[in-house]
Amino acid sequence: MDRSIAVERLLATDVELGLQVVAGTGGLGRQISAPRIQKPGLALTGWPEQLHDARVLIIGGTEIEYMAAQADEARERGIETILASQPACVVVCRGLVPPAQLQVACERNEVPLLVSALATADFIARVSWWLQDEMAVQSAIHGVLVDVLGLGVLLLGKSGIGKSETALDLVMRGHRLVADDVVALRQKGAVVIGAGAPLIRHHMEIRGIGIINIKDLFGVNAVRENKKIELVVELVEWDDQEDYERLGVDVTYLDLLTVQIPSLRLPVRPGRNMASIIEVAARNQLLKMVHHDSAKIFHDKLRNALHAVSGDHVDIDAAE
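What comes next is a walk through the structure. (Residues numbered from 1 in each chain as written. Predicted model: local features only at pLDDT ≥ 70, side-chain atom pairs only at ≥ 80, totals over all residues. Heavy atoms only, no water.)

Re the overall build of the protein
Definition in use: Helix and strand labels come from DSSP, where a helix needs a run of H or I of at least four residues and a strand needs a run of E of at least two; each type is numbered from the N terminus. In this treatment the radius of gyration is a C-alpha quantity, and the globule benchmark scales as 2.2 Å times the residue count to the 0.38 power. Note on classification: 1.4 Å probe, protein chains only; a residue is buried when its accessible area is under 20% of the maximum for its type, exposed when over 50%, partly exposed between these limits. Contacts: residue pairs with any heavy atoms within 4.5 Å of one another. In this description, accessible areas are obtained by the Shrake-Rupley approach with a 1.4 Å probe, and a residue is regarded as covered only by the protein chains that are shown. Only four residue types enter the tally: Lys and Arg on the positive side, Asp and Glu on the negative side, with His and both chain ends excluded. Charge positions are represented by NZ for Lys, CZ for Arg, CG for Asp and CD for Glu.
When you go through the protein residue by residue, the secondary structure sums to ten helices and 15 strands. In summary, the protein has a C-alpha radius of gyration of 28 Å against a globular reference of 20 Å for 320 residues, an excess of more than 25%. Taking the principal axes of its C-alpha atoms as reference, the protein extends roughly 85 × 60 × 30 Å. In the protein, which comprises 320 residues, the proportion classed as buried is 43%. Taking the intrachain contacts of the protein between residues at least 6 apart in sequence as the baseline, contacts between residues at least 24 apart amount to 68%. Working note: accessible area of the protein is about 17,100 Å², and carbon and sulfur atoms make up 52% of it. Both charge centroids of the protein, one from 32 positive and one from 42 negative side chains, sit 3 Å from each other.

Structural data, given as structure tokens:
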């Protein structure tokens, strides 16, 4: 679920919102519960329109002009209607002066009334982006995140399985490290973004060598700050008793936060070049993302070939 944040944090953000408080300072602790803003619409006419509570309510030039043209009684009825929806705060854009009745009502109801120097569209774009980023679901996971051919590949596996060494091999092939050891996760909608922890960002631990700085060793092109995670690869110890995927027809997923990410289990043993295999897995996943599934195409060709020989429908899956 999205996290709520206090209105007062809008005033402290490093994103330029051009805000100043006009009234309702007693309500700066009110919580914003959703990153989506709203505009008053017909509520300014006194119509009890369905407005959501605990959101940022935006008033632009059109709404200010409309209120200025109304009689005092009609204006007050509209203001009471929008405040009855319990907005987290009210923001007037373009540096316009809020009507005196709105200032009095916000002060009385302890609803922060803010004024932004930005144009309405600019303010909405900036505050929506900032709220989505700040209120995103967050977590952390032990693993390594690498940008392989533009695809965010998260490497998982028990300690000592070779995640960092594999990632180092990928970096030496021209791919990019995002995070080693601890991957900070942030969900935005149906997307999970991974990044390195600030203290150890760009660093990697290689047993026998120690801590190395990938950015210093290989240059700025060998690292990136964050990456959308699009494939999870779990490295596991080779077990002769286990049946590993050989056709690649079945797709498995791993839940990261609340998003399902395609995943693979790759067995590790001496002689297997894991970096090469992961690079191929990334290329294969990129093909799948443009609806070209090599395993499925081969599967269908094999079924058709067997059908042509036998003249009967052949259920390959049942025969396996």
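Thoughts on the packing of helix 6 (residues 163-172) against helix 8 (residues 274-289)
Heads up, the condition is: To get an axis, fit a line to the C-alpha atoms, keeping to the stretch in contact for a helix; angles then go from 0 to 180 degrees between the N-to-C directions. The cut-offs work like this: below 35 degrees is roughly parallel, past 145 is roughly antiparallel, 65 to 115 is roughly perpendicular, and the gaps in between are oblique. A clockwise turn of the near helix away from the far one marks a right-handed crossing, whereas an anticlockwise turn of less than a right angle marks a left-handed crossing. The classification used treats Ala, Val, Leu, Ile, Met, Phe, Trp, Tyr, Cys and Pro as nonpolar, Asp, Glu, Lys and Arg as charged, and all other residues, Gly among them, as polar.
Look at helix 6 against helix 8: their axes get within 9 Å of each other, and the N-to-C directions meet at 70°. Taken together, the axes of helix 6 and helix 8 lie roughly perpendicular to each other. The two elements helix 6 and helix 8 meet at a crossing, and its hand is right-handed. Across the interface between the two elements, Thr 166, Asp 169 and Leu 170 from helix 6 touch Met 274, Ala 275 and Ile 278 from helix 8. The residue inventory of the contact of helix 6 with helix 8, partitioned by class, reads four nonpolar, one polar and one charged.

Thoughts on the environment of Ala 190
Within the secondary structure, Ala 190 sits in the loop between strand 9 (176-188) and strand 10 (191-196). In this structure, the C-alpha to C-alpha distance between Ala 190 and Val 259, residues 69 residues apart in sequence, is 6.1 Å.

Side note on the sheet that holds strand 4 (residues 56-59)
Going by this rule: Pairing between two strands is assigned when DSSP locates at least 2 bridges connecting them.
Ordered in space as 2-6-5-4, the four strands form an open sheet in which the pairing is mixed. Edge positions in the sheet fall to strand 2 (19-23) and strand 4, since each has one partner strand and no second. Here the average twist between neighbouring strands, direction ignored, is 30°. As paired strands, strand 4 and strand 5 (residues 89-92) are joined by four bridges and run parallel to one another. Each bridged residue has a counterpart across the sheet, and for Leu 57 the counterpart in strand 5 is Val 90.

A closer look at helix 8
Test applied: Multiplying one less than the number of residues by 1.5 Å gives the expected span of a helix. Working note: the arc is built from the helix axis to C-beta atom directions. For this analysis, a polar contact is any N or O atom pair within 3.5 Å, provided that within protein one partner can donate a hydrogen and the other can accept it, and provided that sequence-adjacent residues contribute only side-chain to side-chain pairs.
An ideal rise of 1.5 Å per residue puts 22 Å on 16 residues; helix 8 measures up with 22 Å between its terminal C-alpha atoms. Residues Met 274, Ala 275, Ile 278, Glu 279, Ala 281, Ala 282 and Gln 285 constitute the buried set of helix 8. End-on view of helix 8: buried residues confined to an arc of 160°, all on one side of the axis. At its buried positions, helix 8 is contacted by strand 7 (137-148), strand 8 (151-156), helix 6, strand 13 (226-237) and strand 15 (259-268). If you check the start of helix 8, you find a side-chain oxygen 3.3 Å away from the backbone N of Ala 275, and it comes from Asn 273. Of the residues trailing helix 8, His 291 is marked for its positive phi of about 65°.

Quick notes on the pairing of strand 9
Two elements, strand 7 and strand 9, share eleven bridges in a ladder whose sense is antiparallel. Across the sheet, residue His 142 finds its bridge partner in strand 9, namely Val 182. Two elements, strand 9 and strand 10, share six bridges in a ladder whose sense is antiparallel. Within strand 10, the position partnered with Lys 188 by the bridge is Val 191. Once strand 9 ends, the chain turns through two residues before running back antiparallel as strand 10, passing Gly 189 with a positive phi of about 65°.

Remarks on the packing of aromatic side chains
The condition that has to hold: Centres within 6.5 Å are what make two rings of Phe, Tyr or Trp a pair, Trp counting through its six-membered ring; a difference in plane orientation under 30 degrees is then read as stacked, over 60 as edge-to-face, and the rest as tilted. For a lysine, the NZ atom is tested; for an arginine, the CZ atom; a charge sits over a ring if that atom is within 6 Å of the ring centre and within 35 degrees of the ring normal.
Within the structure shown, the criterion is met by zero aromatic pairs. Residue placement shows Arg 269 over the ring face of Trp 238; its charged tip is 3.8 Å from the ring centre.

So, to be careful, I would describe these as geometric facts and stop short of saying anything about function.
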